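Examining the three-dimensional arrangement
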Amino acid sequence: MNSESSRNDSAARTAVSLKENERLDELQRNGYRIIQNPEKFCFGMDAVLLTGFAHAGSGDILLDLGTGTGIIPILMEAKYHCARLTGLEIQADSADMASRSVEMNGLSDKIHIVTGDIREADRIFKSASFDCITCNPPYMIGKHGIANPEAPKAVARHEILCTFEDVALQTAKLLKPGGHFFLVHRPFRLAEIMVTLIRHKLEPKRMQLVYPYVDKEPNMVLLEAVRGGRPRMTVEKPLIIFREPGVYTPEIREVYGY
């Protein structure tokens with residue numbers, strides 16, 4: 001980046017005003033930062049790995065379902081320079097943080113944060129209007145073991161406000177024919193996920209299992225599906241997070257931009 005574009009980029013960004021318990025985190029990409037509140041919810045490695053697994057073109061229109069504080073649209077813009085990105089988030093506080101992060105990074109002309117329910121996404125957006133849809137959905141079924149079902153962390157981790165069935169149904173309506181759906185989930189639900197995707201004509205095309213260590217069981221699965229795609233799936237080589245305790249593998253360092 002030359003000095004003139006750097007000045008223009010800096011000028012486009014705005015000063016940030018943090019609210020109580022909020023913090024500012026660096027994203028290691030394009031100088032972007034994100035506002036988070038540890039008392040509510042902070043993005044995890046799963047969201048970052050999803051943006052590394054996904055792919056998109058510079059002319060693509062992207063939707064992120066359940067965007068939280070906007071981490072996925074911001075990183076997808078940084079990595080793939082999509083034409084337009086939208087994040088849909090039901091929790092008003094998270095959507096507010098996402099909107100302020102977008103503005104702070106000078107991305108208001110490209111990223112739009114919408115407060116709304118995934119289950120009503122087809123009423124908010126036009127059908128077949130997105131080239132790519134991403135989602136880091138709640139992993140856990142039901143409310144078992146939750147002290148406060150209305151807490152932001154509970155909503156993010158448990159299927160309280162939407163199920164994977166809801167996610168797949170809305171994705172099938174909003175993706176263009178041939179459009180790509182990228183998601184991260186837990187391997188213990190893989191059979192259910194595959195059946196649900198196929199039922200909604202979202203054909204699984206690519207899968208990668210993520211392992212904390214080379215000798216441990218996988219704890220994440222990354223999936224790509226195509227609306228109306230033909231049956232044939234590629235299984236990529238395993239992604240290992242740690243080479244040893246506290247030391248990331250080169251593949252993870254590359255995803256994070258270190």
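Described below are features of the structure shown in this document. None of the values given here were measured: they were computed from a predicted structure. (Residues numbered from 1 in each chain as written. Predicted model: local features only at pLDDT ≥ 70, side-chain atom pairs only at ≥ 80, totals over all residues. Heavy atoms only, no water.)

1. Focus: the overall build of the chain
Of the regular secondary structure elements, the chain holds 9 helices and 13 strands. Scored against the burial criterion, the 258 residues of the chain give a buried share of 49%. The contacts of the chain with a sequence gap of at least 6 include a subset with a gap of at least 24, amounting to 69%. (Helix = DSSP H or I, 4+ residues; strand = E, 2+ residues; numbered from the N terminus. Buried < 20%, exposed > 50% of the residue type's maximum accessible area, 1.4 Å probe, protein only. Contact = heavy atoms within 4.5 Å.)

2. Points about the pattern of salt bridges
What the rule picks out here adds up to 13 salt bridges. One salt bridge in this structure joins Lys19 and Asp96, with 2.9 Å as the shortest N-O distance. Here Asp96 lies in helix H4 (residues 92-104) and Lys19 lies in the loop between helix H1 (3-12) and strand E1 (23-26), a separation of 77 residues in the sequence. Note on Lys19: relative accessible area 48%, which makes it partly exposed. The class of Asp96 is partly exposed, set by a relative accessible area of 26%. A salt bridge links Arg100 to Glu22; the shortest N-O distance between them is 2.6 Å. (Salt bridge = Lys/Arg side-chain N within 4 Å of Asp/Glu carboxyl O.)

3. Quick look at unusual backbone geometry
Despite not being glycine, Asn30 has its phi angle at roughly 55°, a positive value. The residue Asn30 is located in the loop between E1 and strand E2 (33-36) in this model. Within the chain, His81 stands out as a residue other than glycine whose phi angle is a positive 55°. Here His81 is to be found in the loop between helix H3 (71-80) and strand E4 (84-89). Take His81: its relative accessible area is 41%, and that puts it in the partly exposed class.

4. A few points about the environment of Pro238
Structurally, Pro238 can be placed in the loop between strand E10 (234-235) and strand E11 (239-240). The partly exposed category is assigned to Pro238, whose relative accessible area is 47%. Note: C-alpha distance between Pro238 and Leu209 (29 residues apart in sequence) is 5.3 Å. When neighbours within four sequence positions are excluded, Pro238 is seen to be in contact with Gln208, Leu209 and Tyr211.

5. Remarks on the environment of Lys19
Residues Lys19 and Met97, spaced 78 residues apart in sequence, show a C-alpha to C-alpha distance of 9.3 Å. Those residues in contact with Lys19, other than ones at most four positions away along the chain, are Asp96 and Arg100. In terms of polar contacts, Lys19 uses its side chain to reach the side chain of Asp96, at 2.9 Å. (Polar contact = N/O pair within 3.5 Å; in protein donor to acceptor, adjacent residues only side chain to side chain.)

6. Re the state of the cysteines
Enumeration according to the criterion identifies 0 disulfides in this entry. Note on Cys82: no disulfide assigned, nearest cysteine sulfur contributed by Cys132 at a separation of 6.2 Å. The closest cysteine sulfur to the non-disulfide-bonded Cys162 is located on Cys135, 6.8 Å from its own sulfur. On the accessibility criterion, Cys162 (9% relative accessible area) is buried. (Disulfide = S-S within 2.5 Å.)

Spatial relationships are all this shows, so hold off on functional conclusions.
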